[in-house]
Amino acid sequence: MSEPDTILNLFTRTRRRFPALNGSSVGEKYLYLNSGAGSLMVDSALQAINSAASSLNPMPGEVTPVEKQTFQFHNQVRKMVAEFIGASSLEEISFHFSTTNALFNLAFSLGSVFKPGQNCLVTDLDHFANISPWETVAASLGAEIRTVRLNPDLTLNRLDLLDKLDANTVMVAVTAASNALGTILPLTDLISEIKEKSRALVVVDAVHLAPHSPIDVREIGCDFLAFSGYKIFGPMVGILFSRKEVLSQVTPYRVETNRNSPPYFWEQGMLPNINLAGLKGALDYLFELGQIVVKKDPSATPPKVFRRAMEAIKKYEQSLSLYFLERLKKLNSSRLRLYGINNSSKVVSRTPTFAIEISGLNPTELKKLFWETGRIVIADGNHYSAAVVRHLKKQALNRVSLAHYDSPESIDLFFESLEKIIFFNRHYS
Ligand SMILES: Cc1ncc(COP(=O)(O)O)c(C=O)c1O
């Protein structure tokens, strides 16, 4: 069997692990092409949530077996997250309500870093979760906010970034991949250039990249990185990586009685055990996937197993992206426009997330037509990536976003509806 067949078979098998693919909460089956807004939950996450809700002691502690169990459970989840992103220790991993909440916590914790005369860089390719915390907190402390613009092909303008960076830049906030367009940034190279030219802390929003690609925080060279459990097949929980070498620069907002050391000092109130159990269930699934890929390789450490799982996902999703772009080309409709990378030879630089527009239809109408024509869920709006939408001088765009539980057949169904909408819909053709 050829390699692509093996990968295709693997992901066809794993579709069974996502119960939402087989049923419907609204009385009829539908096709979910909105994973960019939140992925479907894997069965092991659902089971772990159930079991934690019925058995786990709420409070961690060090005396009774039940509280010790919760303490060990927290460590276990932190360890798995650390292995998933290549962090070197548990103190680098903290849990928050969401990524937005993690980044606001981070912004408040960097109060001593932001001063008049200094500046922070944000980008037009970012979700507002990685813009507003800096535009509000850092700016209120007197730091100047500089916005890095886009190239005509909607990739980040690297030269503009390097131009705006100087000796007074204290922080650069940048996304790992755009949730509006699917564009992946060459972060390792970019951060190495940033670090050569400045002493800025680099904060990466990896929410959109995390379900699509391996992430290695040491390789990327960032100082902070955030992502969310509900985009990686688990429930809502925000995860913040903070490189231990920069932890001395943060002063998180905390209640006096909370432990004043990492990772605890980040965490406000009791941890959401049920969500953490779900996160662990989702990571267990990715780990199992990695074990299938590495087969019986005794040299495969947990970080390597995760990496191999995510590499397999990435490769499979690239084949989905290629197929999507191919079908789009064949459709050859002057009414349809794709924003972002549309060149098949650059498919490695994108996730299977596609921003589209059909002339004559506003995004909400188009979203409605997809539901009516094919029971397909796509997104409309700015997806909180409002800067790129504003850059295009638009109010909103449609977004079709796939994950590894989708298949070429999902794409066929999408194009079947798209063709009907473009060519046959009596209102708009
Ligand atoms: C790229 C990106 N960053 C940040 C966020 C915000 O994440 P959360 O909902 O966990 O705050 C999202 C959510 O869609 C996102 O796509």
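Not measured: the values here are computed from a predicted model.

Caption draft 1: Highlighting the overall build of the chain. Each helix and strand in the chain was counted, giving 13 helices and 13 strands. Since a compact globule built from 429 residues should have a radius of gyration of about 22 Å, the 22 Å found for the chain is in line with a globular shape. By the burial criterion, 46% of the 429 residues in the chain qualify as buried. Taking as baseline every contact in the chain between residues at least 6 positions apart, the subset at least 24 positions apart corresponds to 71%.

Caption draft 2: Quick peek at the nonpolar core. One finds Met171 and Val204 to be the most contacted residues of the largest nonpolar core, which totals 124 residues. Top element by residues in this core is helix H10 (residues 302–331). It accounts for ten residues. Mapped onto the domain boundaries, this core takes at least three residues apiece from domain 1 (3–41 + 315–422) and domain 2 (47–282). Ignoring sequence-local partners within four residues, the contact set of Val204 consists of Val174, Ala176, Leu187, Ile220, Cys222, Phe224 and Leu225.

Caption draft 3: Molecular detail of the sheet that holds strand E2 (residues 93–96). Across the sheet, which stays open at both edges, the seven strands sit in the order E2-E8-E7-E6-E5-E3-E4 with mixed pairing between neighbours. Each edge of the sheet is formed by a strand with only one pairing partner; in this case those strands are E2 and strand E4 (144–148). Neighbouring strand axes in the sheet, compared pairwise and without regard to direction, differ in orientation by 20° on average. The strands touched by helix H4 (residues 99–109) are E2, strand E6 (201–205), strand E7 (224–228) and strand E8 (238–242); relative to E7, the strand with the most contacts, the crossing angle is about 155°.

Caption draft 4: Geometry of the packing of H4 against helix H5 (residues 132–140). Packing of H4 against H5 leaves a shortest axis separation of 9 Å and a crossing angle of 20°. Considering the angle they form, H4 stands roughly parallel to H5. By crossing handedness, the relation of H4 to H5 is classed as right-handed. Taking contact as the criterion, the partners of Leu103, Phe104, Ala107 and Phe108 in H4 are, on H5, Pro133, Trp134, Val137 and Ala138. Split by residue class, the contact of H4 with H5 holds eight nonpolar, no polar and no charged.

Caption draft 5: Inspection of the site of the ligand at higher detail. Every residue near the ligand is listed here: Ser98, Thr99, Thr100, His127, Ala129, Thr175, Asn179, Asp205, Val207, His208, Ser228 and Gly238. Class assignment of the residues belonging to the shell around the ligand gives a composition of two nonpolar, nine polar and one charged.

Caption draft 6: Structural view of the domain arrangement of the chain. Here the chain is partitioned into domain 1 (3–41 + 315–422) and domain 2 (47–282). Here domain 1 and domain 2 have C-alpha centroids that lie 27 Å from each other. Every contact between the two is made by 27 residues of domain 1 and, on the other side, 26 residues of domain 2. For the side of domain 1 that touches domain 2, the elements supplying multiple residues, two or more each, are strand E10 (353–358), helix H12 (386–391) and strand E13 (397–401). The leading source of residues in the side of domain 1 that touches domain 2 is H12, at five residues. Here the side of domain 1 that touches domain 2 is composed, by residue class, of 14 nonpolar, ten polar and three charged.

Caption draft 7: Region of interest: the sheet that holds E13. Reading across from one edge, E9-E10-E13-E12 is the order of the four strands in this open sheet, with antiparallel pairing throughout. At either margin of the open sheet sits one strand with a lone partner, and together these are strand E9 (336–339) and strand E12 (379–381). Pairwise comparison of adjacent strand axes, ignoring direction, gives a mean angle of 35° for this sheet. Here E10 pairs with E13 via four bridges, running antiparallel. Opposite Ala355, over in E13, you have Arg399 as the bridge partner. Docked against the sheet, helix H11 (residues 363–374) engages E10, E12 and E13, running at close to 165° with respect to E12.

Caption draft 8: View of the packing of H11 against helix H13 (residues 408–424). Running from N to C, H11 and H13 point in directions that differ by 110°, and their axes come no closer than 9 Å. As the angle between them shows, H11 and H13 are arranged roughly perpendicular. Between H11 and H13 the crossing geometry is right-handed. Of the residues in H13, those touching H11 at Leu369, Phe370, Thr373 and Gly374 are Leu413, Glu416, Ser417, Lys420 and Ile421. Taken together, the residues of the contact of H11 with H13 break down into four nonpolar, three polar and two charged.

Caption draft 9: Region of interest: helix H3 (residues 65–85). For H3, built from 21 residues, the straight-helix expectation of 30 Å at 1.5 Å per residue is met to within 8% by its first-to-last C-alpha distance of 30 Å. For H3, the complete set of buried residues consists of Thr70, Val77, Arg78, Val81, Ala82, Phe84 and Ile85. Looking straight down H3, one finds that the buried residues subtend no more than 170° of arc, so they occupy a single side. Opposite the buried face of H3, at more than 90 degrees from it, the exposed residues are Pro65 and Gln72. In the core, the buried residues of H3 are packed alongside E2, helix H8 (217–220), E7, E8, helix H9 (273–294) and H10. Following H3 by one or two positions, Gly86 has its phi on the positive side, about 75°.

The rules we used
Residues numbered from 1 in each chain as written. Predicted model: local features only at pLDDT ≥ 70, side-chain atom pairs only at ≥ 80, totals over all residues. Helix = DSSP H or I, 4+ residues; strand = E, 2+ residues; numbered from the N terminus. Rg over C-alpha atoms; globule rule 2.2 N^0.38 Å. Buried ≥ 20, exposed ≤ 12 C-beta atoms within 10 Å, placed from the backbone. Contact = placed C-beta atoms within 7 Å. Core = buried A, V, L, I, M, F, W, Y, C linked by C-beta atoms within 7 Å. Domains from an automatic or database assignment. Pairing = 2+ DSSP bridges. Axes fitted to C-alpha atoms, helices over the stretch in contact; angles between N-to-C directions. Parallel < 35°, antiparallel > 145°, perpendicular 65-115°, else oblique. Left-handed = near helix turned anticlockwise from the far one by under 90°. Nonpolar A, V, L, I, M, F, W, Y, C, P; charged D, E, K, R; others polar. Near = placed C-beta within 6 Å. Expected span 1.5 Å × (residues − 1). Arc of directions from axis to C-beta.

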